[in-house]
Amino acid sequence: MNRKSNIKIRHLNVIKHIYKIQNLKKTSEVMSLTPAAISKTCIEFEKIIGKTLFSRTIHGLIPNEIAKRVVESSILIEKEIDRMIIDIDNIYNEKNYVNISFQSNSIISEMMKCILSIVSSKNVNFTVNYGSREHLFSSLLKGRTDIIFASAYNDIIDDRINYKYLIQDKCVIIDKDRAYSMKEIVRNWDSFQSKVWVLPIRGTAMRDRFDSILEYNGLKTPKNLIELNSIIGASSLIDNPDTIGMSTISYLKSVNYKFEDNKNVEDLSDITLNVGVYWRKDSKKLVSEVVDFFIHNMDLNK
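The text that follows walks through the structure, step by step, so that each part is easy to find. Note that the structure is predicted; figures quoted are calculated from it, not measured. (Residues numbered from 1 in each chain as written. Predicted model: local features only at pLDDT ≥ 70, side-chain atom pairs only at ≥ 80, totals over all residues. Heavy atoms only, no water.)

Taken across its 6 residues, strand 10 (residues 243-248) has 6 buried, putting it largely inside the fold. Residues Thr243, Gly245 and Ser247 of strand 10 are buried on one face, and the alternating residues Ile244, Met246 and Thr248, pointing to the opposite face, are buried as well. Here strand 6 (residues 161-175) pairs with strand 10 via 5 bridges, running antiparallel. Residue Cys171 lies in a different strand from strand 10, and its bridge partner there is Thr248. (Buried < 20%, exposed > 50% of the residue type's maximum accessible area, 1.4 Å probe, protein only. Helix = DSSP H or I, 4+ residues; strand = E, 2+ residues; numbered from the N terminus. Pairing = 2+ DSSP bridges.)

As a further point, take the pattern of salt bridges. Within this structure, the stated rule accounts for 12 salt bridges. Arg56 serves as the salt-bridge partner of Glu46, at 3.2 Å between the closest nitrogen and oxygen. Of this pair, Glu46 sits in helix 4 (residues 35-49) while Arg56 sits in strand 1 (residues 54-57), and the two are 10 residues apart along the sequence. Judged by its relative accessible area of 45%, Arg56 is partly exposed. Note that Lys113 is salt-bridged to Glu110, the shortest N-O span being 3.3 Å. In this pair, Lys113 and Glu110 both sit in helix 6 (residues 108-121), 3 residues apart, roughly one turn of the helix. (Salt bridge = Lys/Arg side-chain N within 4 Å of Asp/Glu carboxyl O.)

In a regular helix each residue adds 1.5 Å, so 12 residues correspond to 16 Å; helix 10 (residues 205-216) covers 16 Å between its end C-alpha atoms and thus fits that length. Within helix 10, the full set of buried residues consists of Ala205, Met206, Arg207, Phe210, Asp211, Ile213 and Leu214. Once helix 10 finishes, Gly218 follows within two positions and takes phi at roughly 65 degrees, a positive value. (Expected span 1.5 Å × (residues − 1).)

Right, let's talk about the environment of Ile9 for a bit. Position of Ile9 among the secondary structure elements: in helix 2 (residues 9-21). Residues Ile9 and Glu78, 69 residues apart in the sequence, show an inter-C-alpha distance of 8.6 Å.

This part is about unusual backbone geometry. At Gln22, a position not held by glycine, the phi torsion is positive, near 60 degrees. Among the secondary structure elements, Gln22 is positioned in the loop between helix 2 and helix 3 (24-31). Although it is not a glycine, Ser32 sits at a positive phi angle of roughly 55 degrees. Among the secondary structure elements, Ser32 is positioned in the loop between helix 3 and helix 4. Residue classification places Ser32 among the exposed residues on the basis of a relative accessible area of 66%.

Let's shift gears to the packing of aromatic side chains. A complete count under the given rule lists 8 aromatic pairs for this structure. Measuring from ring centre to ring centre gives 4.8 Å for Phe137 and Tyr278, while their planes differ by 80 degrees; the resulting arrangement is edge-to-face. With Phe137 in helix 7 (residues 133-141) and Tyr278 in strand 11 (residues 271-280), this residue pair connects regions lying 141 residues apart in the sequence. Note on accessibility: Phe137 and Tyr278 belong to one class, buried. Their ring planes at 75 degrees and their centres at 5.1 Å tell us that Tyr180 and Phe192 sit as a pair that is edge-to-face. With Tyr180 in strand 7 (residues 179-180) and Phe192 in helix 9 (residues 189-192), the pair connects residues that are 12 residues apart, well separated along the chain. Grouping residues by exposure puts Tyr180 and Phe192 together as buried. Ring pairs connect the aromatic residues Phe137, Tyr163 and Tyr278, which therefore count as one cluster. (Phe/Tyr/Trp six-rings, centres within 6.5 Å; stacked < 30°, edge-to-face > 60°.)

Moving on, we get to the side chain of Asp169. Residue placement: Asp169 occurs in strand 6. By relative accessible area, which is 4% here, Asp169 ends up buried. Contacts of Asp169, omitting those with residues within four sequence positions, involve Ser104, Ser106, Thr248, Ile249, Ser250, Ile271, Thr272, Leu273 and Val275. (Contact = heavy atoms within 4.5 Å.)

Here we come to a nonpolar patch on the surface. There is a patch of nonpolar side chains on the surface, built from Met84, Ile85 and Ile88 and spanning about 280 Å² of accessible area. For Ile88, the position within the fold is in helix 5 (residues 65-92). In this structure Ile88 comes out as partly exposed when scored by relative accessible area, which is 47%. (Patch = residues over 30% accessible without salt bridge, like charges linked within 9 Å, V, L, I, M, F, W, Y side chains within 5 Å. Areas by Shrake-Rupley, 256 points an atom, 1.4 Å probe, with all protein chains shown as cover.)

Two elements in contact, helix 2 and helix 3, have axes whose closest approach is 9 Å; the angle formed by their N-to-C orientations is 125 degrees. Judged by the angle between their axes, helix 2 and helix 3 are oblique. For the pair helix 2 and helix 3, the sense of crossing is right-handed. In this structure, helix 2 contributes Asn13, Val14, His17, Ile18 and Ile21 to the contact, and helix 3 contributes Lys26, Thr27, Val30 and Met31. (Axes fitted to C-alpha atoms, helices over the stretch in contact; angles between N-to-C directions. Parallel < 35°, antiparallel > 145°, perpendicular 65-115°, else oblique. Left-handed = near helix turned anticlockwise from the far one by under 90°.)

See below:
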């Protein structure tokens, strides 16, 4: 039996829903099919691949590792079909689309200026998304996004990805009154640990750097923590006298953040992140052309 030619999208769709719900009756309700049809499709697929995907118990259908692998692949196939449909529409409409994702706030203004310039002068449309570093790189490798702008404190090594360094972004610790170097925080961790910390979510370069410094110095993580995946609302949290957080200097400048202490904030920075643009080596020609435009037209030395 040619297993590949016998696998249908309906098989994968049913397996994905069973995996998530783990109950035949509830799965049938969600998919608007009879329990018998759901069960038949599942058994049909198991016969095609020659493996069992679920343990039938009184508690429901319990998936095994094979089921997990099938679902992971079905999600990728589904996304690729979505991309194919979009590409078909783009070809039909003679429009080119580029998906951009970003995590670094220091390049937003220049990135948007370049996007506007390209849209105004070329037959290209853009989708722009914000996300955590881990999500961005996953999306890039899976083909869900074409270009990402992200910060890193170490090199991203992957043979499938191109990288071009753009600019450095410095980070400081801040509270309502002043900015601190990370060295000062480490020296006085006993007094700072109990504060309410406002930090980026794990997976961002800034947060990874913060955690690694604490770990290197044998220090415990903050007791009270608010994790954000966006800068929106961060400044209002830091204005509270009980909170302390971490920020890039570029963001502080962009919002004209003022401290009662008049020290030069840049002199206090002892954490530096490299901001760059990443794109897949197998990208279509248009993506490479857009990246080239960004590299040569973003004025990041203001």
